[in-house]
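Examination of the molecular architecture
These are the residues of each chain, in order.
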Amino acid sequence: MEKKNWFQTYLYIWIGQFVSLLTSSAVNFAVIVWLSLTHKSAEVLALAGIAGLLPQALIGPFVGVFIDRWDRKKVMIFADAFIALCTLLMTFVLQGSTVGLSLIYLLLACRSIGSAFHAPAMQAIAPLMVPEDKLLRVSGINQMLQSVSSIAGPALGTLAITYFSISQVLYLDVIGAAVAIISLLFVTIPHLSVESTLSIAQVWDDLKQGMKAIYHNRGLSLLFLYAMIATFCVMPIAIMFPLLTIGHFNGGKWEMSVIEIIWGVGMLVGGGLLSAFRVQFSKVMMINTMHIVLGLTFAFSGWFPATWFIPFVVVTGIGGVAMSLFSASFMTTIQEEVAPQMLGRVFSLYFSLAILPSVVGLLFTGFIADVIGVAHAFVIAGILMMVVGILSFFTPAVMRLGEK
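Residues numbered from 1 in each chain as written. Predicted model: local features only at pLDDT ≥ 70, side-chain atom pairs only at ≥ 80, totals over all residues. Heavy atoms only, no water.

1. Description of the overall build of the protein chain
Check the secondary structure of the protein chain and you find 17 helices and zero strands. Evaluated residue by residue, the protein chain yields a buried proportion of 55% over its 404 residues. For the protein chain, restricting intrachain contacts to residue pairs at least 6 apart in sequence, the fraction spanning at least 24 positions comes to 89%. Counting only carbon and sulfur atoms, one obtains 70% of the accessible surface of the protein chain, whose full area is about 17300 Å². (Helix = DSSP H or I, 4+ residues; strand = E, 2+ residues; numbered from the N terminus. Buried < 20%, exposed > 50% of the residue type's maximum accessible area, 1.4 Å probe, protein only. Contact = heavy atoms within 4.5 Å. Areas by Shrake-Rupley, 256 points an atom, 1.4 Å probe, with all protein chains shown as cover.)

Next comes the structure, spelled out in structure tokens:
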């Protein structure tokens with residue numbers, strides 16, 4: 001496939017992924033609402049978060065080796081199918097009168113295994129299909145799709161959980177996965193053939209090559225380190241957004257959906273800016289600045305008094321813009337710095353390296369909520385993120401990334 005015809009092919013992928021993102025967003029939010037209102041426990045939300053992240057973090061580095069060897073289109077199809085199967089099993093578990101949380105955690109963990117294959121494969125196909133000068137624009141459109149799903153998903157999830165049982169709501173995710181799979185059947189994604197045979201020794205060798213691709217690029221390795229620190233701060237806070245809305249600002253499920261929607265609106269604005277305008281300055285400057293802006297929004301969210309729900313909504317929207325600009329710039333930087341045949345391994349390593357400290361942070365979510373307090377935790381995490389952004393500006397190796 002010639003890269004000059006990339007847009008028409010990518011359009012099919014975007015349509016399928018949008019439907020899948022929308023239904024997954026609706027289902028994820030419905031599950032969060034259900035857990036929050038049923039158990040009202042930071043620990044339950046944290047354990048659900050760990051179940052959804054830890055398997056992906058543990059197997060991620062090895063998954064990347066296979067993604068770089070296998071047909072990435074087939075990887076995405078089978079990963080979507082596996083996630084849909086796990087969701088379908090959850091519908092049966094949640095139909096009972098008494099729901100065992102351990103079974104929910106187990107199925108969330110299985111979904112995480114599917115995501116370990118799907119997310120890196122999705123990021124790794126862009127350089128195979130898109131001209132390098134269009135990569136940031138594609139990342140911007142990807143962010144817009146995620147944003148629209150973040151806006152419509154919580155509204156759809158809230159509506160669904162209001163009128164249907166949680167087991168019935170989960171069928172939305174199965175439908176979304178089916179649409180994503182069908183859309184992929186209509187596209188051709190180039191496959192990079194690998195000559196060597198696959199063995200345990202070869203898997204380890206391929207994994208080491210992926211690590212070297214990061215380690216030997218000092219700027220990229222430091223960028224990864226800063227991203228890990230930022231994610232360590234973000235994940236426990238992100239899981240406590242519903243608790244801040246319910247506990248600190250005295251909201252309910254509709255207020256929770258407003259916060260999710262306004263975050264999505266912010267991400268839509270950020271993605272729209274990237275897709276509409278050609279960025280003339282360093283992407284690394286964008287990454288560092290957005291660390292600081294995102295930290296400010298977290299700090300203000302925790303500092304606002306309980307009666308300031310509207311200002312909380314405003315800074316949440318600004319945070320959505322910052323996250324969108326950060327994510328698109330970060331992913332594009334990796335795509336530009338790493339050879340296409342190594343991207344599966346590098347993205348898998350990144351997702352694992354980012355998730356592992358997040359899991360550690362989530363383990364302390366209950367302690368943070370009970371001892372430090374949810375609002376105070378937002379302030380502390382925000383300050384730490386601002387420090388990461390400032391340090392990045394004073395790291396020459398990071399600032400040189402993207403220079404040709």
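2. So, the state of the cysteines
What we call a disulfide is simply a covalent bond connecting the sulfur atoms of a pair of cysteines. Scanning all chains against the criterion turns up zero disulfides. Here Cys86 is not cross-linked by a disulfide; its sulfur's nearest cysteine counterpart is in Cys110, at 4.7 Å. For Cys86, a relative accessible area of 4% corresponds to the buried category. (Disulfide = S-S within 2.5 Å.)

3. Remarks on the nonpolar core
Counting residues in each nonpolar core, the largest one holds 83 residues, and the members touching the most others are Phe224, Phe298, Phe312, Phe330, Ile334, Tyr350 and Phe378. It is helix α13 (residues 309-337) that provides the largest number of residues to this core, a total of twelve residues. Contact partners of Phe224, with chain neighbours within four places excluded, come to Ile214, Phe330, Ile334, Val346, Tyr350 and Leu353. (Core = buried A, V, L, I, M, F, W, Y, C linked by side-chain atoms within 4.5 Å.)

4. A short note on the packing of aromatic side chains
Under the definition given, this model contains eleven aromatic pairs. The interplanar angle of 85° and the centroid separation of 6.0 Å between the aromatic rings of Phe298 and Phe378 together place this pair among those described as edge-to-face. One end of the pair, Phe298, is in helix α12 (residues 283-303); the other, Phe378, is in helix α16 (residues 374-393), with 80 residues separating them in the sequence. Here Phe298 falls in the buried class, since its relative accessible area comes to 2%. Since its relative accessible area comes to 0%, Phe378 is described here as buried. A network of ring pairs unites the aromatic residues Phe300, Trp303, Phe304 and Trp308 as a single cluster. (Phe/Tyr/Trp six-rings, centres within 6.5 Å; stacked < 30°, edge-to-face > 60°.)

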